[in-house]
Amino acid sequence: MKTFISQDYPQLCEAVAKNVIDCVNAKPDALICIAGGDTPLGVFAALVEAQQQGRVDFARTQFVGLDEWLGLGNADKGSCREMVWKHFFDKLTLRDEQICFFDGLTDNPQAECQRVDGYIGQHGPIDCIVLGIGMNGHIGFNEPGAALDMTCHVIDLDPITQTVSVKYFGTQRDVKQGISLGLKTILAAKRIVLMASGEKKASIVADTVHQPASNAIPSTLVKTTQRASLYVDNAAASAL
Ligand code: F6R
């Protein structure tokens, strides 16, 4: 796995965005997946700017969501849907059929998994996936110990993930489960971009690079493919 270290967060986001732009310019109807959470927010801004400047055109691109908190929807501040729409989809002119995103408010999570798996089956494999790294090394909501052979599925959230979630919601919410693309789907992507920013991620970034590839730290699993790259800023690289 190649590691790219940027000076700061804006440069990191430009570098990550370039992966998506290159992918879409090479294949306008590419299937793209970008994580929610804080880390990719600058990537969304860079991609919106690139479209406004005519450096990329998402008119035919397909987008699939990475994950969602079960029980939360668009009206819930900090849900993946709320964040990704606010910072990205609402700023592009996309048709509904270009987006497949988990409905966290579903009363039938299994059917929801089948729906998203079906979409990926139709449009996939994912051409470019941009992943953040959880404080416990999760990717998507694939928590430590996640099975390697899973597609979309429902997950019991790790206590660390539940604690960290307060930063999105601004308050403690009763989130116990998530719904996520599984490791099998993620690792089958043609281009995997793992990104991290800031000193608080330095330790898990070092573990990702130096610990053996195993589902004990899911982010280490991207090392098992040549199709993956790690993008970090100086602060996140400080323990490497
Ligand atoms: C969010 C997601 C998570 C986050 C990870 C890092 O959709 O899939 O795996 O990428 O928890 O979160 P941030 O970027 O907020 O530090």
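The structure this text deals with has already been given above.
I will try to describe carefully the structure that is included in this document. The structure displayed is predicted, hence computed values, not measured ones. (Residues numbered from 1 in each chain as written. Predicted model: local features only at pLDDT ≥ 70, side-chain atom pairs only at ≥ 80, totals over all residues. Heavy atoms only, no water.)

**Describing the site of the ligand**
Near the ligand, the surroundings consist of 16 residues, among which Thr39, Asp67, His138, Tyr168 and Lys201 are the closest. In this structure, histidine 138 approaches the ligand through a side-chain N or O atom, which is 2.6 Å from an oxygen atom. Burial of the ligand by the surrounding chains reaches 95%, relative to a free accessible area of 410 Å². With respect to the pocket detection grid, the ligand is positioned in the largest pocket. Among the residues forming the shell around the ligand, the class breakdown is five nonpolar, seven polar and four charged. (Near = heavy atom within 4 Å. Polar contact = N/O pair within 3.5 Å; in protein donor to acceptor, adjacent residues only side chain to side chain. Areas by Shrake-Rupley, 256 points an atom, 1.4 Å probe, with all protein chains shown as cover. 1 Å grid on protein atoms, 1.4 Å probe; cavity = no way out; pocket = protein on both sides within 12 Å on 5 of 7 lines; lining within 4 Å. Sits in = over half its atoms within 2 Å of the grid points. Nonpolar A, V, L, I, M, F, W, Y, C, P; charged D, E, K, R; others polar.)

**Re the environment of glycine 121**
Along the chain, glycine 121 falls in helix H4 (residues 109-123). The exposure class of glycine 121 is exposed, given its relative accessible area of 61%. When the C-alpha positions of glycine 121 and leucine 240 are compared, they lie 37 Å apart, and in sequence the two are 119 residues distant. (Helix = DSSP H or I, 4+ residues; strand = E, 2+ residues; numbered from the N terminus. Buried < 20%, exposed > 50% of the residue type's maximum accessible area, 1.4 Å probe, protein only.)

**A word on the nonpolar core**
By size, the foremost hydrophobic cluster in this structure holds 43 residues, and its most contacted members are Val20, Ile32, Leu47, Phe58, Trp69, Phe88 and Phe89. Taken together, the elements giving at least two residues each to this core come down to helix H1 (9-26), strand S2 (31-34), helix H2 (41-52), helix H3 (80-87), strand S6 (128-131), helix H6 (166-169) and strand S9 (192-196). Tallying contributions element by element places H1 first for this core, with eight residues. Those residues within four positions of phenylalanine 89 in sequence are excluded, and the remaining contacts are Phe63, Val84, Leu94, Ile99 and Phe101. Counting residues in hydrophobic clusters, the runner-up holds 38 residues, among them Leu66, Leu131, Ile139 and Val232. (Core = buried A, V, L, I, M, F, W, Y, C linked by side-chain atoms within 4.5 Å. Contact = heavy atoms within 4.5 Å.)

**Observations regarding the environment of histidine 210**
Within the fold, histidine 210 resides in helix H8 (residues 202-210). Using a relative accessible area of 54% as the deciding quantity, one classes histidine 210 as exposed. Along the primary structure histidine 210 and threonine 163 are separated by 47 residues, whereas in three dimensions their C-alpha atoms are 26 Å apart. Filtering out sequence-adjacent residues up to four positions away, histidine 210 remains in contact with Lys223 and Leu240.

**Considering empty space enclosed by the protein**
Per the counting criterion, the structure on display carries one cavity of 30 Å³ or more. In this structure, the largest cavity spans a volume of roughly 60 Å³. What lines the largest cavity is simply Ile32, Cys33, Ile34, Phe63, Val64, Gly65, Leu66, Val84, Phe88, Phe89 and Phe101. Residue assignment for the lining of the largest cavity shows that the elements contributing at least two residues are S2 and strand S3 (62-64). Considering every element that reaches the lining of the largest cavity, the biggest residue donor is S2, with three residues. Along the lines of polarity and charge, the residues of the lining of the largest cavity split into ten nonpolar, one polar and no charged. (Points joined across faces, edges and corners; volume = space filled by probe spheres on them.)

**As for H2**
Side chains of residues three or four places apart in an α-helix project in the same direction, reflecting 3.6 residues per turn. Taking 1.5 Å per residue, twelve residues should reach 16 Å; H2 reaches 17 Å between its end C-alpha atoms and fits that length. Within H2, burial applies to Gly42, Val43, Phe44, Ala46, Leu47, Val48 and Ala50. Buried residues along H2 sit against H1, S2, H3 and S9. Directly after H2, the chain includes glycine 54, whose backbone phi takes a positive value near 75 degrees. (Expected span 1.5 Å × (residues − 1).)

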